[in-house]
Amino acid sequence: MASIAARLDEEWRTPHSLYGELSTVDHKKIGKRYLVTAFVFLIIGGLEAALMRAQLIGPNERWLSPDQYNQLFTMHGTTMIFWYASPVLSGFSNYLWPLMLGSRDMAFPRVNALSYWTFLFSGLFLYTSLFLGQMPDRGWFAYAPLTELQYSPALNMDFYALGLLFLTISTTIGAINFVATAFSVRAPGMSINRLPIFIWSTLTTSFSMIFALPALSVACVYLWFDRRLGMHFFDPAQGGSAMLWQHLFWVFGHPWVYIIVLPAMGIASMVIPTFCRRPIAGYTYVALATVSTGVLGFGVWVHHMFATGLPPLSMTFFSGASMTIVIPSAVSLFAWLATLWGSKPVIRTPMLFMLGFICLFVIGGLSGVATAVVPYDWQLTDTYFIVAHIHYVLIGINLFPVIGGLYYWFPKMTGRMLDERLGRWNFWVMFIGMNVGFFPMHIAGLLGMPRRIYTYDGSMGWNTVNLVTSLGAYLFAIGVLMFVWNVIKSRVRGAIAAGNPWDASTLEWSTSSPPPEYNFEVIPTVRSRDPLWEDRLEPPEQSSLREGPTLTDGRLTVQSAPLDADRVRLLHMSEDTLLPLIVALVMLALFYALLFRIWGLALAAAVMLGVATAWWLWPQHPEHGEG
Amino acid sequence: MTGSRRRPGSMLLLLMLAACVQAPSFMRPASEPAHRIAVLGWWLIAIATIVFVVVMVLLLVPLMHRRQEIAHADVHGGGGERMILIGGALIPAIILIAVFLFSLPTLSATITPSSRPRYTIEVSGHQWWWEVTYHTADPSFRVTTANEIHIPVGEDIGVRVNSRDVAHSFWVPELQGKIDLIPGQTNTFWLRADKPGIYRGQCAEYCGMQHAHMGVVVVAQSAAQYADWLRGQEAPVTAPRTTDDSLGAQAFQRGACSLCHTIRGTDAHGVLGPDLTHVGSRLTLAAGMIPNTRGHLQGWIANAQGVKPGVAMPTLYLDATSLQALAAYLESLR
Ligand SMILES: [Cu+2]
């Protein structure tokens, strides 16, 4: 066997050099880069929030100018929603998918690398606005016509429109890669009814992305056309429509909310069963609930627009639809509860975060139901109640499972455990900070405080809630920093992790920690949902993890049939290459050229992009499938 | 009605406004539609609280039987489907259908008034102030004011809203939900107050730099007081009575002021800023930002950019005499 490992290592290894780092297409490296980069954006977005909360800590504070405050709240939302919440989940998926599916890489490794580089560069592009002092300042949903040149003449909103457009390229190709991977690159026997719930959730999300992102791209292109090419898509004075932006944005935006929470719910569905020592209750219901949430997510966008003067009948319809979508979420909730009820759980830090997540999930879900009730939403919309709701949803259902998930998979990723004692402190500080910080925002909303105001007068009666909110938010921030500290500390000095430290059931835990670059020495053959628990669950057929194809002649993995995952043929995976980095750099040049309207450079970059694409698509292994 | 007789009244209102440290909460409504919405809200809060408590019990009870070790612990499977179907699908469906049906009567009762309103006013959003227009008995004559809406108590008032620039949202929490002001579109809405009082409202849709200072006040008064007020607003300006006033009037006409502001009955016809015909009668200046006192008025005219950075009104660097005269003149416009 040693010789097999050596041969595989030779085929798959990325050299430890600068060239190696820049050219790698290893999904595990890319996944970790996604995670780290997304966390950097989380910290930046958090700093922006910290500055805002300092302004709002008391009435009539003016140390931030209105202009600075408006840039900060816009960048906070944009960064967190677009450059943290979704990419951090892509990080998990990139890292975990091939390991969970029993394959050696994603379907298109080079596309994967491109998706990361474009994510990174789009973020750098967005943040160059900081150095010009022209950060986007019209809110993360940037309602027209406030974003039109007439009302926003500097580059601020060009950064927004082009930066998001750039990011959608990254997200779209990433999503296509996940769909392709889910349907073709799985271990033999990993049939559709054996997919881990995390795969179901990310797959659903990937489909949603593919259908939702075009609306955002179109909106951003129109906006930029309006601003820089003198068009009038969103300019009512010239026959355009301000509502067109709102519809385009929310047709994208509401599915996006599910895109950034479903995979995190998927993480919970992986962690909870492990610590309950049983498979998840109602696997089929959870999978169906996940998919139906993704589908229904496209039918509720109008609930962001109940105050825009729509006809009552259409509001009633979207109100009903928004309530319907609660049901699949409740099904998932009760699946976790039922899993707990049928078990004697073990409490470790990852599980604590999942329990905290369930609590916040319920609060965020219930406040969501309140906003779906049309007349009440007329009062709630655009107040701090909505700010509270969105933070319960995004922190509760994204950040808590993400951090819990990192406590869970960090040993797999690095070979070291995170500190458990610090982990518990970390959880309680975050959980208490979260509730002290964000719960009072509900009350601020009920007291009539609108969102997005850079200051408020002492006579409005909002002083106390805001003081408490600011203090809670700082406590919460300390909790997040404790996590960062735990990662840094444990990366160096943490206890060494075994291959399967939590005695979990899915395939990623059958590898060493961290896994070898080729993931599996033997491509496993899967016969149940919980291959590593077969000794105890005793399913009718047993998986085979130690015997099977080794595929040592080149970078090979098994291509399988979409539904039942019968082996179809071998796939030749691509070698390391600088091409994704080069293409991403050319795109970066293109976007800067568009931003500064250097048309010559834009043209040159477009031509280079064409050439690079041709080079990319040039067949290398005519007899095999191509990555 | 002369200015001096109305003055104590508006002073009193101003004091009331200053003493108003109570938050403009929609859970303490002052009108019938807001009351209905608040009742719906309390129900939702009650239901949510019950659901939350039940779920937390379901979450915490199984944690009472824990085990300490994870490695090689036994594993078992199956079960739980019934709990999922009943707790996750059936019960939520019943609650949600009930909530939905329960909300429908409130929706229809709050979206339109029960009878056709006798009065209709128009509210236009500007960055960052509200233009308010009243129709009068003479169809060709309208009264325009700013940032302050007077309505008779117990009467349904129709409101037509639109925007002159970007999207805004009109919101007086104690009286009604929000209605967006969207450029290129006129939305209809209605207001009602069942208790006399001063209600603070604010723009709720982010509309740029000074979105935080786009306030509005609704003054609900008895039918007689309201009629008085409207008559006062209909009257054209009185000719300046003191020398200071006439100096101010001259400065206003000569300077840039008249390019942006209208004073009905004079040569000032600007439309970029609020109508100032009866500015002296208003409670606040600059869309609820500062109280309408001589000192604040003078400060505003001297340095609007310093008070509310980014507004369309420039800082004009006036000399002290014209500044005082202007303030005196504007204050006299009741
Ligand atoms: Cu506004």
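The written sequence of each chain sets the order in which its residues are numbered from 1. Each chain gets a letter, beginning with A, and each ligand a number, beginning with 1, in the order they are written. Restriction of local features to residues with pLDDT of at least 70 applies here, the model being predicted, together with a cutoff of 80 or more for giving and counting side-chain atom pairs; totals for whole chains, interfaces and linings are based on all residues. Just so you know, side-chain values use all the structure's heavy atoms and leave hydrogens and water out.

Let's talk about the overall build of chain B
We apply this condition: Only DSSP runs of H or I reaching four residues or more are called helices, and only runs of E reaching two or more are called strands; each is numbered from the N terminus. Here the radius of gyration uses the C-alpha set of atoms, whereas the globule reference equals 2.2 Å times the residue count to the power 0.38. Any two residues whose heavy atoms approach within 4.5 Å at even a single point are treated as in contact. With residues, only the protein chains shown are counted as cover, and all accessible areas are computed by Shrake-Rupley using a 1.4 Å probe. Note that His is not counted, nor are the chain ends; the positive residues are Lys and Arg, and the negative ones are Asp and Glu. By convention, charge coordinates are those of NZ in Lys, CZ in Arg, CG in Asp, or CD in Glu.
When helices and strands are counted, chain B shows nine helices and 12 strands. Whereas a compact globule of 334 residues would reach a radius of gyration of roughly 20 Å, chain B reaches 27 Å, over 25% beyond that. Once the C-alpha set of chain B is aligned to its principal axes, its extents read approximately 95 × 50 × 40 Å. Within chain B, contacts between residues at least 6 apart in sequence are counted, and of these 63% link residues at least 24 apart. Summed over its atoms, the accessible surface of chain B is roughly 14,800 Å², and 62% of this surface lies on carbon and sulfur atoms. In chain B, 25 side chains carry a positive charge and 23 a negative one; their mean positions are 4 Å apart.

A short note on the interface of chain A and chain B
Our working definition: Here the quantity called buried area is the total loss of accessible area, with a 1.4 Å probe, experienced by two parts when brought into contact, counted for both. Salt bridges are counted wherever a side-chain nitrogen of Lys or Arg sits within 4 Å of a carboxyl oxygen of Asp or Glu. We define a polar contact as two N or O atoms separated by no more than 3.5 Å, with the added condition that, inside protein, one atom must be a possible hydrogen donor and the other a possible acceptor, whereas residues neighbouring each other in sequence contribute only through side-chain atom pairs. All residues other than Ala, Val, Leu, Ile, Met, Phe, Trp, Tyr, Cys, Pro, Asp, Glu, Lys and Arg, Gly among them, are scored as polar; the first ten of these are nonpolar and the last four charged.
Taken together, the contact pairs 91 residues of chain A with 89 residues of chain B. Around 7,500 Å² of area is buried between chain A and chain B when both sides are counted, 71% of it from carbon and sulfur atoms. Per-residue buried area on chain A facing chain B is highest for Trp-341, Trp-378 and Gln-379 of chain A; these three make up 10% of the total on that side. Joining chain A to chain B, the criterion identifies zero salt bridges. Where chain A packs against chain B, one counts 21 residue pairs in polar contact (both at pLDDT 80 or more). In terms of residues, the side of chain A that touches chain B owes the most to one element, helix H12 (residues 326-341) of chain A, which gives 11 residues. Residue composition of the side of chain A that touches chain B, by class: 59 nonpolar, 19 polar and 13 charged.

Quick word on the nonpolar core
Heads up, the rule is: Here, the term nonpolar core denotes a set of buried Ala, Val, Leu, Ile, Met, Phe, Trp, Tyr and Cys residues that are joined through side-chain atoms within 4.5 Å. Residue burial is assigned from relative accessible area. The probe radius is 1.4 Å, only protein chains are included, and a residue is buried under 20% of its type maximum, exposed over 50%, and partly exposed in between.
Of all hydrophobic cores here, the largest spans 295 residues; its most connected members are Phe-82, Tyr-376 and Phe-400 of chain A together with Phe-170 of chain B. It is helix H15 (residues 384-414) of chain A that contributes the most residues to this core, 20 residues altogether. Residues in contact with Phe-82 of chain A, not counting those within four places in the same chain, are Gly-77, Pro-87, Trp-140, Leu-164, Leu-167, Leu-216, Phe-249, Phe-252 and Trp-256 of chain A. Counting nine residues, the second largest nonpolar core, distinct from the first, contains Ile-4, Ala-5, Ala-107 and Val-185 of chain A.

Concerning a nonpolar patch on the surface
All names here are of chain A. Let me state the cut-off plainly: Think of a patch as exposed residues, more than 30% relative accessible area, with no salt bridge, where like charges cluster within 9 Å and nonpolar side chains (Val, Leu, Ile, Met, Phe, Trp, Tyr) cluster within 5 Å.
On the surface, Trp-428, Ile-432, Val-436, Leu-467, Val-468, Leu-471, Leu-475 and Ile-478 cluster together to form a nonpolar patch covering roughly 650 Å² of accessible area. Within the residue set of the nonpolar patch, elements represented by two or more residues are helix H16 (420-446) and helix H17 (463-493). Per-element tally for the nonpolar patch: the top contributor is H17, with five residues. Mapped onto the fold, Ile-478 is located in helix H17.

Re the domain arrangement of chain A
Residue and element names in this part refer to chain A. Note the threshold: Note that domain bounds follow an automatic or database assignment of domains.
The domain boundaries assigned to chain A delineate domain 1 (1-259 + 514-579) and domain 2 (261-512). Inter-centroid distance (C-alpha atoms) of domain 1 to domain 2 is 19 Å. In this complex, domain 1 contributes 78 residues to the contact, which on the side of domain 2 involves 78 residues. Note on domain 1 versus domain 2: buried area summed over both sides is about 6,500 Å², and carbon and sulfur give 70% of it. The three residues of domain 1 that bury the most area against domain 2 are Arg-53, Tyr-258 and Trp-533, which together make up 12% of that side's buried surface. Our enumeration of links across domain 1 and domain 2 arrives at one salt bridge. One salt bridge connects Asp-503 with Arg-536, and the closest N-O pair in it is separated by 2.8 Å. Across the domain 1-domain 2 interface, the total number found is 30 residue pairs in polar contact (both at pLDDT 80 or more). Secondary structure elements with two or more residues in the side of domain 1 that touches domain 2: helix H3 (27-56), helix H4 (66-101), helix H7 (197-228), helix H8 (242-259) and helix H18 (534-537).

Quick word on the environment of Phe-52 of chain B
Position of Phe-52 of chain B relative to the elements: it lies in helix H2 (residues 32-60). Taking C-alpha positions, Phe-52 of chain B is 36 Å from Lys-195 of chain B, a pair spaced 143 residues apart along the chain. Contacts of Phe-52 of chain B, omitting those with residues within four sequence positions, involve Cys-359, Val-362, Ile-363 and Leu-366 of chain A.

Notes on the sheet that holds strand E4 (residues 148-152) of chain B
Residues and elements named next belong to chain B. Selection rule: Two strands pair if DSSP finds at least two bridges between them. Axis definition: a line fitted to C-alpha atoms, limited for helices to the stretch in contact. Angles are taken between N-to-C directions and run from 0 to 180 degrees.
If you walk across this open sheet you meet the three strands as E4-E10-E9, and the pairing is mixed. The strands lining the two open edges of the sheet, one partner per strand, are E4 and strand E9 (197-202). Shown here is a sheet whose adjacent strand axes are inclined to one another by a mean of 25 degrees, direction ignored. One ladder, built from five bridges, connects E4 with strand E10 (residues 215-221); its direction is parallel. Directly across from Pro-152, in E10, lies its bridge partner Gln-221.

Concerning the pairing of E4 of chain B
Successive residues of a regular strand alternate their side chains across the two faces of the sheet. Across the five residues of E4 of chain B, five count as buried, placing the element largely inside the fold. Covered by surrounding structure in E4 of chain B are Glu-148, His-150 and Pro-152 of chain B together with Ile-149 and Ile-151 of chain B, the residues of both alternating faces.

Comments concerning the layout of surface pockets
It is the rolling of a water-molecule-sized probe over the atoms that shows where space remains empty. Residue and element names in this part refer to chain A. Quick note on the threshold: Using a grid of 1 Å spacing that covers the protein atoms alone, one calls a set of points a cavity when a 1.4 Å probe fits there but cannot get out, and a pocket when the set is open and has protein on both sides within 12 Å along at least five of seven lines; lining residues are those with an atom within 4 Å of a point. Grid points are joined across faces, edges and corners, and a volume is the space filled by probe spheres set on the points.
Approximately 940 Å³ is the volume found for the second largest pocket. Around the second largest pocket, the lining comprises 39 residues; the ones closest to its centre are Ala-49, His-76, Met-80, His-391 and Phe-438. The element that contributes the greatest number of residues to the lining of the second largest pocket is H3, accounting for nine residues. Per-class residue counts for the lining of the second largest pocket are 29 nonpolar, seven polar and three charged.

What about the packing of aromatic side chains?
All names here are of chain A. Keep this limit in mind: Only centres within 6.5 Å qualify two rings of Phe, Tyr or Trp (six-membered ring in Trp) as a pair; their planes then separate them into stacked at under 30 degrees, edge-to-face at over 60, and tilted for everything else. Charge-over-ring placement is defined geometrically: NZ (Lys) or CZ (Arg) within 6 Å of the ring centre, and within 35 degrees of the ring normal.
This structure, assessed with the given rule, holds 70 aromatic pairs over all chains. If you follow Arg-452 out to its NZ or CZ, it ends over the ring of Phe-141, 4.2 Å from the centre. Sitting over the face of the ring of Tyr-283, Arg-529 holds its NZ or CZ atom 3.6 Å from the ring centroid.

Looking at the pattern of salt bridges
Residue and element names in this part refer to chain B. This model, assessed by the stated rule, comprises 24 salt bridges over all chains. Linking Arg-192 and Asp-194 is a salt bridge whose minimum nitrogen-to-oxygen distance equals 2.9 Å. The buried category is assigned to Arg-192, whose relative accessible area is 18%. Look at Asp-194 and you get partly exposed, because its relative accessible area is 31%.

Details of the side chain of Thr-24 of chain A
Residues and elements named next belong to chain A. With respect to the helices and strands, Thr-24 occurs in the loop between helix H2 (18-23) and H3. Here Asp-26 takes part through its backbone nitrogen, which lies 3.2 Å from a polar atom of the side chain of Thr-24. Apart from the residues within four sequence positions on either side, Thr-24 is in contact with Thr-14, Lys-29, Ile-30, Arg-33, Ala-113 and Asp-576.

Quick look at empty space enclosed by the protein
All names here are of chain A. For the coordinates displayed, the defined rule picks out nine cavities of 30 Å³ or more. Estimates place the volume of the largest cavity at around 180 Å³. Lining of the largest cavity is provided by 23 residues; of these, Ser-86, Ser-90, Thr-171, Phe-178 and Met-209 occupy positions nearest its centre. Among the elements that make up the lining of the largest cavity, the one with the highest residue count is H4 (seven residues). Here the residues of the lining of the largest cavity are counted per class, giving 12 nonpolar, 11 polar and no charged.

Regarding the packing of H4 of chain A against helix H9 (residues 262-276) of chain A
All names here are of chain A. Put simply, the rule reads: Oblique is the label for any angle not under 35 degrees, not over 145, and not in the 65 to 115 range, which are roughly parallel, roughly antiparallel and roughly perpendicular in turn. Should the near helix be turned anticlockwise from the far one by less than a right angle, the crossing is termed left-handed; should it be turned clockwise, right-handed.
In contact at an axis separation of 11 Å, H4 and H9 are set at 45 degrees when each is read in the N-to-C sense. Taken together, H4 and H9 sit at an angle that is classed as oblique. For the crossing formed where H4 meets H9, the hand is left-handed. Contacts between H4 and H9 involve Leu-89, Phe-92 and Met-100 from the former and Pro-263, Ala-264, Ile-267 and Met-270 from the latter. Here the residues of the contact of H4 with H9 sort into seven nonpolar, no polar and no charged.

Focus on the domain arrangement of chain B
Residues and elements named next belong to chain B. For chain B, the domain assignment lists domain 1 (32-111), domain 2 (119-221) and domain 3 (243-331). The C-alpha-based centres of domain 1 and domain 2 are spaced at 38 Å. Contacts between the two partners involve seven residues from domain 1 and, on the opposite side, eight residues from domain 2. Summed over both partners, the interface of domain 1 with domain 2 comes to about 480 Å²; 54% of that surface belongs to carbon and sulfur atoms. Its largest share of buried area at the contact with domain 2, domain 1 owes to Glu-32, Pro-33 and Ala-34, together 67% of the area lost on that side.

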